[in-house]
Each structure stands twice: as C-alpha cells, then as structure tokens.
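Structural overview for review
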Amino acid sequence: MLTKTVIALALLGLAVAKVDYSGYRVFRAYPTLKQFETIKTMQEKYDLDFWSDLRYEGDFVDFMVRPTFRSLVEETMNFFKIKYETFVEDVEIAAQAQFTPGQEWNIATDDAFYDQYHTLDEINQWISVFATTNSQVASQLVIGTSYEGRSIRALKIGNGGQSFVINCGIHSREWVSPATCMLTAKWLAESTDSEIVNLRNQLTFYIIPSANPDGYLYTWSTDRMWRKTRKPITNLCTGVDPNRNYDANWSGEGASNKACSDSYYGPSAFSEAETQAQRDLVQSLGNVKAYIDIHAYSQMWMYPYGYTYSACADAASLDQIAKNSVAAIRSVHGKVYQAGSISGVIYVASGSSADYFYDHQNVKCSFAAELRDTGLYGFTLPDRQIRPTAEETVEGLKVIANAIVDGQCG
Ligand code: ZN
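Figured I'd write up the structure that's included with this text. Not measured: the values here are computed from a predicted model. (Residues numbered from 1 in each chain as written. Predicted model: local features only at pLDDT ≥ 70, side-chain atom pairs only at ≥ 80, totals over all residues. Heavy atoms only, no water.)

1. Focus: the coordination of the zinc ion
When four donors bind a metal tetrahedrally, each ideal donor-metal-donor angle is 109.5 degrees, and when six bind octahedrally, the ideal angles are 90 or 180 degrees. Each protein donor to the zinc ion is listed here as His171 (ND1), Glu174 (OE), Glu174 (OE) and His295 (ND1); together their distances run 2.1 to 2.4 Å. For the zinc ion, the 4 donor atoms in the first shell make angles of 57 to 148° at the metal, so the coordination geometry reads as irregular. For glutamate 174, a relative accessible area of 4% translates into the label buried. (Donors = N, O, S within 2.8 Å, 3.2 Å for Na, K, Ca; no water. Tetrahedral: all angles 85-135°; square planar, octahedral: opposite > 155°, others 65-115°. Buried < 20%, exposed > 50% of the residue type's maximum accessible area, 1.4 Å probe, protein only.)

Structural data, given as structure tokens:
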C-alpha cells in the first residue's frame, strides 16, 4: 500500500516537474553500417533520444544525450572511430531562446506577433481575432476535442468548391509548424495579390494550426521535447504517435508497438481523438482535393507511400508537383528541400495521415512536409527563422493549390 502511494506521488511529481534539458547535447553522427550497430546499442544503454529516426541510410543520425552519459557516448564514438559533430551544444539554452516572455499583443495589428513562438492560449486567441478581423473570407470551426478536452480548431479561408486541408503541429515539439500555419493563414486571407485572390475564390483552405493541443501545451509546461498525444497508455507510458495512428497499414513497418516509444502506433487505428478529428473533417467535407501534414525538421516535400516502397498510382504527377513545390521553395531563400515519396525520401513508416487520405479518402494530392532546418538547430529552430520558413513554405503550398485549380488533383 505504502509502495503504491510512493509510486503514485513519484508519478505525480514527474508529471508536475518541468524537464530541464541543461547539459543535454545533440550530436550528428555519420556511422558506417557496422558503426551504426554501436549507435543502436548505445540508444538503450545511454538512453539516447533520436531526433532523426533510428535508421541506417548511409548518411547521418541526430540524437540527444543526457549530461550523465555525454562523456561515455563521446568516448564510445571516439573508440569506434565514429565520425560525429555537435549540433546543439546545450538543448536547454537553445530551447529557452524559443520561449519568449509573456507580452501584451494587439493581435489584429502587431505584425511582429508572427515572429515568435506562441503558447496554446495565444494561438487560440489569435484564431478568434483572426476569424473576426478577416470575417469576409475566414471563419473558425472546431473539428474535434483532444483527449484532455481541448477544442481542436481550424480556420476556413476562401469560398471555392474544392478544399485544401493544411495540418500543423500534429507532432507537438515541431514548433515551426504551427507558426508557419499562422503566417500562411494570414497571407491567404489578407493578400490582395491576384494569384492568391484567385485561389481564395476557387478553393477553400482549412488550416489547422495546432492539431495536437494537449501535446503542444505540454511542450510549453513540462517537456519541450514531447512529440505524441497525451493519452495515458500504461502506468509509465503516455501518448500515441498520431502520425502512426491512421488506418493506412496501421501497426506495420516503421511504427512501434512499445507504448513508451516516440513512434508508438497506439492501441488501435484511430484510437486518438486528434486523428479522428482530421479523418472526420475530411470525410464530412467530401470535396478535399489536397491535404498536407506539416512537420519539422529535415526540409522534405513528400507524397505517398510511406508504408511501402511501391509507387502509388499517381506517383508521376505527385512527383512533378513535389518537384515544382521544391523549386518554388528554393527560389525564395535558396533552401534546398528533397522531393520524393515518404518511403523513398525518409524510410518506411506505416499509419501516416498522407497515406490514409490518399488510400481511403480519395485525396489525390496528399503530401507530408518537413520544414527547416537540416539539423543544426533541429526542434530548437530560433524564432528569427519563422518568417523565412513560412515565406518559402507558402510558395510550395501555392504550387499544390494551383495543381487543384488546374485539375491535377482529380
Ligand atoms: Zn513530425
């Protein structure tokens, strides 16, 4: 009995205390195939947190090491002659730079509002103000309720008969994603540029700035590096990877059956309120021609399939659209994104939203993107990079929107 109480208190303590990432370091290692096995062994031994996925592609892996194991990990890499470099020197310092002090904003008029990362409360306030300020072309809607009871909000922009769903923040630690969705919404609603006006008239955009509000709140309150939903699974493990939870080869390769894993696929397909909300939105609209799930980081612009190396039926046209998006992105600030299928560009991953909407909801132009950077800051991308990231991303999105208008998305 006493033990149980102590455990319960300890768990409560863990839930309340904020994770301090002081001294945590992110390394990028360039292992050979044999050296890669050493890194995999170190993952369990030294509790490495992989920021890139644990796979061998002949290039690199990014992982975060806690201070207690840092010198052991470095000694091991040196001993086995694994090439590596330090990317994030101290994760807490880099993360602290992203948390900006509470500030009084006039959301309707302060353009600088968009140049910072925001709390969930601020994002929700912004959605309301934005919908009111732009009521001629925009409105807000609630598409579902998160596990902890929060509204999952979307902005509807435009009044065309075909829809484009743009989803941000499903992985909560990828902060540049919601920030990019906010600027994208602003430009789509407010621009008087004839191309955008035309897109607004021909299409309806549904922008979901924070698709996993419980996780996002948790990254601000407790653990900056939280990725999953917040539903308790076992006594010790919380959360499902929402982008492994869709009914697209669910529980297959590239997803974990371990409840504590960051890529845990969940107790069943669509077990999460957050993935159900998106499924139901697209299903109820019935006219969604394009969908994109926006993540960070790695600079990639991808289409189905994720769950298999086989090409999808529309691979040729989706590849062309992706290449056009990547060219448009590059023309803004010179950033190079990779275009290709999810399995081709990253690795085989089952249960993703892009595959589900393509296979099961007839969304031909279904994409997944990874925004900046290529690992130097990773999830701790400084806020000065929000605007340039959004500026290039919106050009990539416009390519997809124009593809719908041109009839390339069915
Ligand atoms: Zn992600």
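2. Here we look at the side chain of aspartate 223
Relative to the assigned elements, aspartate 223 resides in the loop between helix H8 (213-221) and helix H9 (273-285). Buried charge without a salt bridge: aspartate 223, with arginine 230 as the nearest opposite-charge side chain at an N-O distance of 7.0 Å. Of the polar contacts made by the side chain of aspartate 223, one reaches the side chain of tyrosine 21; its length is 2.5 Å. With sequence-adjacent residues up to four places away left out, aspartate 223 is seen in contact with Val19, Tyr21 and Tyr218. (Helix = DSSP H or I, 4+ residues; strand = E, 2+ residues; numbered from the N terminus. Lys, Arg positive; Asp, Glu negative; His and termini not counted. Salt bridge = Lys/Arg side-chain N within 4 Å of Asp/Glu carboxyl O. Polar contact = N/O pair within 3.5 Å; in protein donor to acceptor, adjacent residues only side chain to side chain. Contact = heavy atoms within 4.5 Å.)

3. Points about the pairing of strand S7 (residues 162-168)
When you tally the buried positions in S7, you get 6 out of 7 residues, the bulk of the element. Pairing geometry for S7 and strand S8 (residues 203-208), over 6 bridges, is parallel. Opposite valine 165, over in S8, you have tyrosine 206 as the bridge partner. Examined bridge by bridge, S7 and strand S9 (residues 288-296) share 6 bridges and lie parallel to one another. Its bridge partner lying in S9, cysteine 168 is registered against isoleucine 294. (Pairing = 2+ DSSP bridges.)

4. Topic: the sheet that holds strand S1 (residues 25-30)
On the basis of which strands lie adjacent, the open sheet formed by 4 strands has the order S2-S3-S1-S4 and antiparallel pairing. Strands at the two margins of the open sheet, each flanked by one partner only, are strand S2 (49-50) and strand S4 (83-88). Bridge analysis of S2 against strand S3 (residues 61-65) gives 2 bridges, and the strand direction is antiparallel. Bridge pairing in S3 places phenylalanine 50 opposite phenylalanine 63.

5. Quick word on helix H10 (residues 315-333)
Over its 19 residues, H10 extends 28 Å from the first C-alpha to the last, a length consistent with the 27 Å expected when each residue adds 1.5 Å. Listed in full, the buried residues belonging to H10 are Ala315, Leu318, Asp319, Ile321, Ala322, Ser325, Val326, Ala328 and Ile329. Of the residues trailing H10, glycine 334 is marked for its positive phi of about 80°. (Expected span 1.5 Å × (residues − 1).)

6. Looking at the sheet that holds S9
Overall, mixed pairing links the 8 strands, which are arranged S5-S6-S8-S7-S9-S12-S10-S11 in an open sheet. Looking at which strands have only one partner, the edges of the open sheet turn out to be strand S5 (138-145) and strand S11 (338-341). For this sheet, the mean angle separating the axes of adjacent strands, direction not counted, is 20°. Running over the sheet, H10 touches strand S10 (300-303), S11 and strand S12 (365-371) and is turned about 165° from S10. Here helix H12 (residues 353-360) sits on the sheet and contacts S9 and S12; the angle it forms with S12, its principal contact strand, is near 175°. (Axes fitted to C-alpha atoms, helices over the stretch in contact; angles between N-to-C directions.)

7. What about the packing of helix H2 (residues 33-45) against helix H3 (residues 67-79)?
Orientation of H2 relative to H3, taken along the N-to-C sense of each, is 165°, at an axis distance of 11 Å. Comparing their axes, H3 and H2 come out roughly antiparallel. In this structure, H2 crosses over H3, and the sense of that crossing is right-handed. Counted together, Thr38, Met42 and Lys45 of H2 and Phe69, Val73, Thr76 and Met77 of H3 form the full contact between these two elements. (Parallel < 35°, antiparallel > 145°, perpendicular 65-115°, else oblique. Left-handed = near helix turned anticlockwise from the far one by under 90°.)

8. Observations concerning the state of the cysteines
Taken as a whole and assessed by the stated rule, the structure comprises 3 disulfides. Disulfide pairing places cysteine 168 opposite cysteine 181 at an S-S distance of 2.2 Å. Looking along the S-S bond of the cysteine 168-cysteine 181 disulfide, the torsion reads about 80°, which is the right-handed sense. One end of the pair, cysteine 168, is in strand S7; the other, cysteine 181, is in helix H6 (residues 176-190), and 13 residues separate them in sequence. Of the two residues, cysteine 168 and cysteine 181, both sit in the buried class. Between cysteine 365 and cysteine 409 runs a disulfide, and the two sulfur atoms are separated by 2.0 Å. Note on the cysteine 365 and cysteine 409 pair: the S-S dihedral is about -90°, so by sign convention the disulfide is left-handed. On the criterion of sequence distance, the pair formed by cysteine 365 in strand S12 and cysteine 409 in the segment after helix H13 (386-405) is long-range, its members being 44 residues apart. Judged by relative accessible area, cysteine 365 falls into the buried class, the value being 0%. Of the cysteine sulfurs around cysteine 312, a residue in no disulfide, the closest is that of cysteine 365, at 10 Å. (Disulfide = S-S within 2.5 Å.)

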